[in-house]
Amino acid sequence: MKRLIAAFSLIFLAMSATVLASPTNVRFAHLDKNMDGKISISEATQDKIVMKQFADLDKNDDEMISKSEFGNFKP
C-alpha cells in the first residue's frame, strides 16, 4: 500500500511539473545558456522568432531580456 501511495505521489508531482513548465518558460530556460536569468543578444540568436522581437522585448534597453520582459513574448 505504501508503494502504491508513493507511486501515485510521484505521478502527481510529474504531472504538476509538466503543467508549470509552460512553453514560454521552457523557451526562456533553453535560451538562457549561462542561467543568469536573462537572455543576451548572443543567446537570442539561437531563436529567430525571439531575435525578431528582441528590441521590443528589451523594455529597459539593457541589451538583455529578463524573465519578466520575456513574459511579453509572442510565439
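Further up the page is the structure itself.
Calculation rules
- Residues numbered from 1 in each chain as written.
- Predicted model: local features only at pLDDT ≥ 70, side-chain atom pairs only at ≥ 80, totals over all residues.
- Heavy atoms only, no water.
- Core = buried A, V, L, I, M, F, W, Y, C linked by side-chain atoms within 4.5 Å.
- Buried < 20%, exposed > 50% of the residue type's maximum accessible area, 1.4 Å probe, protein only.
- Helix = DSSP H or I, 4+ residues; strand = E, 2+ residues; numbered from the N terminus.
- Contact = heavy atoms within 4.5 Å.
- Phe/Tyr/Trp six-rings, centres within 6.5 Å; stacked < 30°, edge-to-face > 60°.
- Salt bridge = Lys/Arg side-chain N within 4 Å of Asp/Glu carboxyl O.
- Polar contact = N/O pair within 3.5 Å; in protein donor to acceptor, adjacent residues only side chain to side chain.

K.L.:
Is there a simple way to think about the nonpolar core in this case?
P.N.:
Soluble, globular proteins show a tendency: their nonpolar side chains are buried together. Among the nonpolar cores identified, the biggest contains 10 residues, and these are F28, L31, I39, A44, V50, F54, L57, I65, F70 and F73. Contributing elements (two or more residues each) for this core: α2 (23–31) and α4 (48–57). For this core, the leading source of residues is α4, giving 3 residues. For F70, the contacting residues outside a window of four places in its chain are T24, R27, F28, I39, V50, L57 and I65.

K.L.:
Which parts of the structure should I look at to understand the packing of aromatic side chains?
P.N.:
The description of two aromatic rings rests on the distance between their centres and on the angle between their planes. A complete count under the given rule lists 2 aromatic pairs for this structure. Taking the centre distance of 4.9 Å and the plane angle of 5° together, the rings of F70 and F73 count as stacked. By the burial criterion, F70 is buried, and F73 matches it. Linked through ring pairs, F28, F70 and F73 together constitute an aromatic cluster.

K.L.:
How should I be thinking about the pattern of salt bridges in this particular structure?
P.N.:
Pairs can form between side chains of opposite charge once their charged atoms are near each other. On inspection of all chains with the given rule, the structure shows 1 salt bridge. Ionic pairing is found between D47 and R27, a salt bridge with its closest N-O pair at 2.7 Å. Taken together, the positions of D47 in the loop between α3 (41–44) and α4 and R27 in helix α2 put the pair 20 residues apart, joining distant regions of the chain. Here R27 falls in the partly exposed class, since its relative accessible area comes to 24%.

K.L.:
Quick question: what am I supposed to make of the side chain of S40 here?
P.N.:
Tracing the backbone through its elements, the reader meets S40 in strand β1 (residues 38–40). Judged by relative accessible area, which is 13%, S40 ranks as buried. Within the local environment of S40, its side chain forms a polar contact with the side chain of S42, the two groups lying 3.1 Å apart. Sequence-distant contacts of S40, defined by excluding residues within four places in its chain, comprise F54, E63 and M64.

K.L.:
Even after reading the chapter, I still don't get the environment of F54, so can you show me in this structure?
P.N.:
Take F54: it is sitting in helix α4. Residue class for F54 comes out buried when judged on its relative accessible area of 7%. Separated by 11 residues in the primary sequence, F54 and I65 place their C-alpha atoms 7.5 Å from one another. Setting aside anything within four residues of it in sequence, one finds F54 in contact with I39, S40, I41, A44, E63, M64 and I65.

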